[in-house]
Amino acid sequence: MVNNPINESLIDLDESQTSDTNKRSEDQTSRIKENKKLISSLNILKSLAVKAAYSKRLTFIYHALNSPNKKEILFSNTQFTEEEINKRFRELALYFHSDKMNRPNTSIWLQETHKNLGTELFFVIIEFKDNLLNDLKKILQNEGYLTFHEKNANKLWKIAIDYRNAVKEQWSKLRLLRKEDIEEIPSEKLKSLSSISISRILSSLQDC
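So, here is what we can say about the structure in this document. (Residues numbered from 1 in each chain as written. Predicted model: local features only at pLDDT ≥ 70, side-chain atom pairs only at ≥ 80, totals over all residues. Heavy atoms only, no water.)

Side note on the packing of aromatic side chains
If you walk through the whole model with that rule in mind, you get four aromatic pairs. Here Tyr54 and Trp109 contribute two aromatic rings whose centre-to-centre distance is 6.3 Å and whose plane-to-plane angle is 50°, an arrangement assigned as tilted. With Tyr54 in helix α2 (residues 26–66) and Trp109 in the loop between α5 (98–101) and α6 (115–142), this pair connects stretches of sequence that are 55 residues apart. Given the relative accessible area of 14%, Tyr54 is considered buried. Note on Trp109: relative accessible area 27%, which makes it partly exposed. A cation over a ring is seen here: Lys129 above Phe89, with NZ or CZ 4.6 Å from the ring centre. (Phe/Tyr/Trp six-rings, centres within 6.5 Å; stacked < 30°, edge-to-face > 60°. Helix = DSSP H or I, 4+ residues; strand = E, 2+ residues; numbered from the N terminus. Buried < 20%, exposed > 50% of the residue type's maximum accessible area, 1.4 Å probe, protein only. Lys NZ or Arg CZ within 6 Å of the ring centre and 35° of its normal.)

Written out as structure tokens, the structure is:
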């Protein structure tokens, strides 16, 4: 975003500076000074933005590596099908494959001191991808594709109803969720979680 106004200012500055120095008006001279000042400020902003983005990127990598819920972080909301698992893996590979991290001055570049962290996370991603595909294969062999997705849809429906009952504070009607795990969640968030569960049901049924 910062690059666009920087480039526009550089073009304007170049056009102003190529004009005959003796024929420059006061407005042109003033505009050259303003452009130089703007470019300097934008470069400072760009530098700060790059540092902030890099810091957030490292924070995410540390969080993912140290979390006991790595699968939820990396493969959350991924439909349990071979196509969707591989699709999610390819999306993650765009950020953490070594070939991508070695490109300086890009949003996914990692400094030499941090590349090992990115590589470690990528190996974790590969491991979870392979485990998910193996789990899917076993399930399909044991109970069949249709049966699996029917069970998954049924479970998601119970969770959606639990969220609805939690909104009404009807804790005794909970079937899968526990009161102590969700009672602090705001009502609007519970409604949203219920809607998300229903969306997953529809996706699961579409896969049947």
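So, helix α4 (residues 82–96)
Between its first and last C-alpha atoms α4 spans 21 Å; for 15 residues at 1.5 Å apiece the expected length is 21 Å, and the two agree. When α4 is considered as a whole, its buried residues turn out to be Ile85, Phe89, Leu92, Ala93 and Phe96. Within α4, the buried residues cover an arc of 110° as seen down the axis, which keeps them to one side. (Expected span 1.5 Å × (residues − 1). Arc of directions from axis to C-beta.)

Some details on the pattern of salt bridges
Tallied over the entire structure, the rule returns six salt bridges. A salt bridge links Asp130 to Lys129; the nearest nitrogen and oxygen atoms lie 3.2 Å apart. Look at Asp130 and you get partly exposed, because its relative accessible area is 33%. Between Glu188 and Lys191 there is a salt bridge, and its shortest N-O distance comes to 3.6 Å. One end of the pair is Glu188 and the other is Lys191, both in helix α9 (residues 187–207) and three residues apart, which spans about a single turn. By relative accessible area, Glu188 is classed as exposed at 57%. The network of salt bridges with common partners includes Arg178, Glu180 and Asp181. (Salt bridge = Lys/Arg side-chain N within 4 Å of Asp/Glu carboxyl O.)

Comments concerning the environment of His114
Mapped onto the secondary structure, His114 falls in the loop between α5 and α6. Sequence separation of His114 and Met101 is 13 residues, and the distance between their C-alpha atoms is 9.9 Å. Contact partners of His114, with chain neighbours within four places excluded, come to Tyr54 and Leu58. (Contact = heavy atoms within 4.5 Å.)

Topic: the nonpolar core
Grouped together as the largest cluster of nonpolar side chains are 24 residues, with contacts concentrated most on Ile61, Leu74, Phe75, Leu121 and Ile125. Of all the elements in the fold, those that place two or more residues in this core are α2, α3 (70–75), α4 and α6. Of the residues forming this core, the biggest block, nine residues, is contributed by α6. Formed by seven residues, the second largest nonpolar core is a distinct cluster that contains Tyr163, Ala166, Leu174 and Leu190. (Core = buried A, V, L, I, M, F, W, Y, C linked by side-chain atoms within 4.5 Å.)

Description of α6
An ideal rise of 1.5 Å per residue puts 40 Å on 28 residues; α6 measures up with 41 Å between its terminal C-alpha atoms. Residues Lys115, Leu117, Gly118, Leu121, Phe122, Val124, Ile125, Phe128, Lys129, Leu132, Leu136 and Ile139 constitute the buried set of α6.

Some thoughts on the side chain of Lys129
Turning to its location among the elements, Lys129 is positioned in helix α6. Accessibility expressed as a relative area gives 14% for Lys129, which makes it buried. If we skip the residues at most four places from it in the chain, Lys129 touches Phe75, Ile85, Asn86 and Phe89.

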